[in-house]
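Letter by letter, the chains look like this.
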Amino acid sequence: MDAHRISPTPRTAVISLTIAMLLAGCKATPSASDDASLNTKVASTLAADQNLSGQTIQASVSAGIVTLNGSVTSDSVRTIATGDVAQIAGVKTVVDNLVVQAAPVTATVAPLPPPPAANTPPPARVLAEKAKKPSAMVAATPPPPPPAAEPVPVVRTAPPAPAAPPPPPPVVAKVQPPSPPPTPAVRVITLPVGTAIPVRITQTLDSATTKSGDKFTGEIASDLLVDDLVVLPQGTAITGHVDAAQDAAHYKGAALLTLSLVAIDRKGERIEVSTEAYTKQGEARGKNTAEKIGGGAAIGAILGGILGGGKGAAIGAAAGGGAGAGANSITRGQQVQIASETVVRFRLLDPVQIRLTPPGAAPDNSSSSSSSLAHRSDQ
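Just so you know, these numbers come straight off a predicted model, no measurement behind them. (Residues numbered from 1 in each chain as written. Predicted model: local features only at pLDDT ≥ 70, side-chain atom pairs only at ≥ 80, totals over all residues. Heavy atoms only, no water.)

J.: I'm lost on the sheet that holds strand 3 (residues 93–100) in this one. Help?
T.: Each strand in a sheet pairs with another by means of backbone hydrogen bonds, the pair being arranged parallel or else antiparallel. Across the sheet, four strands lie side by side as 1-2-3-4; this open sheet has mixed pairing. Either end of the sheet is taken by a strand with one partner, and the two such strands are strand 1 (56–62) and strand 4 (154–156). Between one strand axis and the next, the sheet turns by 20° as a mean value, whatever way the strands run. Pairing of strand 1 with strand 2 (residues 65–72) involves seven bridges; the strand directions are antiparallel. (Pairing = 2+ DSSP bridges. Helix = DSSP H or I, 4+ residues; strand = E, 2+ residues; numbered from the N terminus. Axes fitted to C-alpha atoms, helices over the stretch in contact; angles between N-to-C directions.)

Structure representation (structure tokens):
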């Protein structure tokens, strides 16, 4: 009996050997699979899961990293797929690029359930045979559970953002071409022959110093109106010409000045005009000289008669006349002067046309002259 206790029975040795092999198999590290075999395992695992039936999933393996691409119908299916792949031995990381797309809804008719099976009791003979067989009770020690494997990390990439809509085409503003400027309303005013133009002379002219051919200046003394329109406003500059200038003579002749208007400077434009001459003449000297010489001779004759009789009268007359002539020759004639600010009216000899823009109308910016001189056809 003691020898029986010391040497184990063959059945016990077999059980112990089985337990040892199981423990050795659990502790051994699985060998690393290459990418091709791992890809095959991933594909078979995904195909074997009924929950993934009908899903479009493509798997690729590189250095133990499994990348899942494609589309699934829900987030739960996506989780199942990544969980199946993560449990495969040799998988290091799962990159989840799956996109969730809802499956189209189709109306399906569920098949009728099969009729329930009749609950018939087993025959009595079968029950008796089961009662005769003793249940084999094998006391075996269960193998220890395998060590828990570390969870495989699952990397989920965010689905690509929808492409932004293209920007709207730029709005090009249509620029209307500027409207043409309005046609200027120009009225041509004609100043007829004989029109008097009032001119204020702005310098002093003296017959003693002024010479023929000199120029003088002035301005329009007052507005010149035609049909209630100001044709030549007050202050418009003018240019005049000294046609003749005569100094006073000693014995006869008179001093004189003869002037004429030759141009009007209207708003920077020179308008040539032809006017009648204006003449200012001093008092004549011939008669005055004779009277002064004769008076001197009479006085001399009276004084000579008183002093020396007839002969004395003749001598006195000659002496008195010479004295009168000498006195007159010493005195010069009267000079003529036209003082500054004198207003002279010059009358036109030729009609003058002036282009006038009425108030409120567009200005006439044309390069053509706005005024012109119309000469008479008989000249």
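Next comes the rest of the account.
J.: Got a minute to help me understand the nonpolar core in this structure?
T.: Inside soluble globular proteins, nonpolar side chains tend to come together where they are buried. If you look at the biggest cluster of nonpolar residues, it comprises 30 residues, and the most contacted ones within it are Leu-191, Phe-216, Leu-259, Leu-261 and Ile-264. Contributions of two or more residues to this core are made by strand 5 (187–191), strand 6 (196–201), strand 8 (215–220), strand 10 (229–232), strand 11 (237–246), strand 12 (256–266), strand 16 (343–347) and strand 17 (352–356). Those residues in contact with Ile-264 that lie beyond four places of it in its chain are Ile-197, Leu-232, Thr-236, Ala-237, Ile-238, Glu-269, Arg-270, Ile-271 and Val-273. Counting residues in hydrophobic clusters, the runner-up holds 18 residues, among them Leu-38, Val-85, Ala-86 and Ile-88. (Core = buried A, V, L, I, M, F, W, Y, C linked by side-chain atoms within 4.5 Å. Buried < 20%, exposed > 50% of the residue type's maximum accessible area, 1.4 Å probe, protein only. Contact = heavy atoms within 4.5 Å.)

J.: Got a minute to help me understand the pattern of salt bridges in this structure?
T.: In the structure shown here, the tally under the stated rule is three salt bridges. Asp-96 is the partner of Arg-78 in a salt bridge, and the nearest nitrogen-oxygen pair spans 2.7 Å. Of the two residues, Arg-78 is situated in helix 4 (residues 75–86) and Asp-96 in strand 3; the sequence distance between them amounts to 18 residues. Note on Arg-78: relative accessible area 11%, which makes it buried. Overall, the relative accessible area of 0% leaves Asp-96 in the buried class. In this structure, the salt-bridge partner of Glu-341 is Arg-200, at a minimum N-O distance of 3.3 Å. (Salt bridge = Lys/Arg side-chain N within 4 Å of Asp/Glu carboxyl O.)

J.: Teacher, can you tell me more about the pairing of strand 16 here?
T.: For a regular strand, side chains alternate in direction, first toward one face of the sheet and then toward the other. Only one face of strand 16 is covered, namely the face carrying Val-344 and Phe-346; the face carrying Val-343, Arg-345 and Arg-347 is uncovered. For strand 6 and strand 16, the ladder comprises five bridges, and the chain directions are antiparallel. Note on strand 16: the bridge partner recorded for Arg-200 is Val-343.

J.: Just checking my understanding: could you explain the pairing of strand 13 (residues 269–272) for this structure?
T.: The two faces of strand 13 differ: Glu-269 and Ile-271 on one face are buried, but Arg-270 and Glu-272 on the other face are not. Here strand 12 pairs with strand 13 via four bridges, running antiparallel. When the bridges of strand 13 are listed, Ala-263 appears paired with Glu-272.

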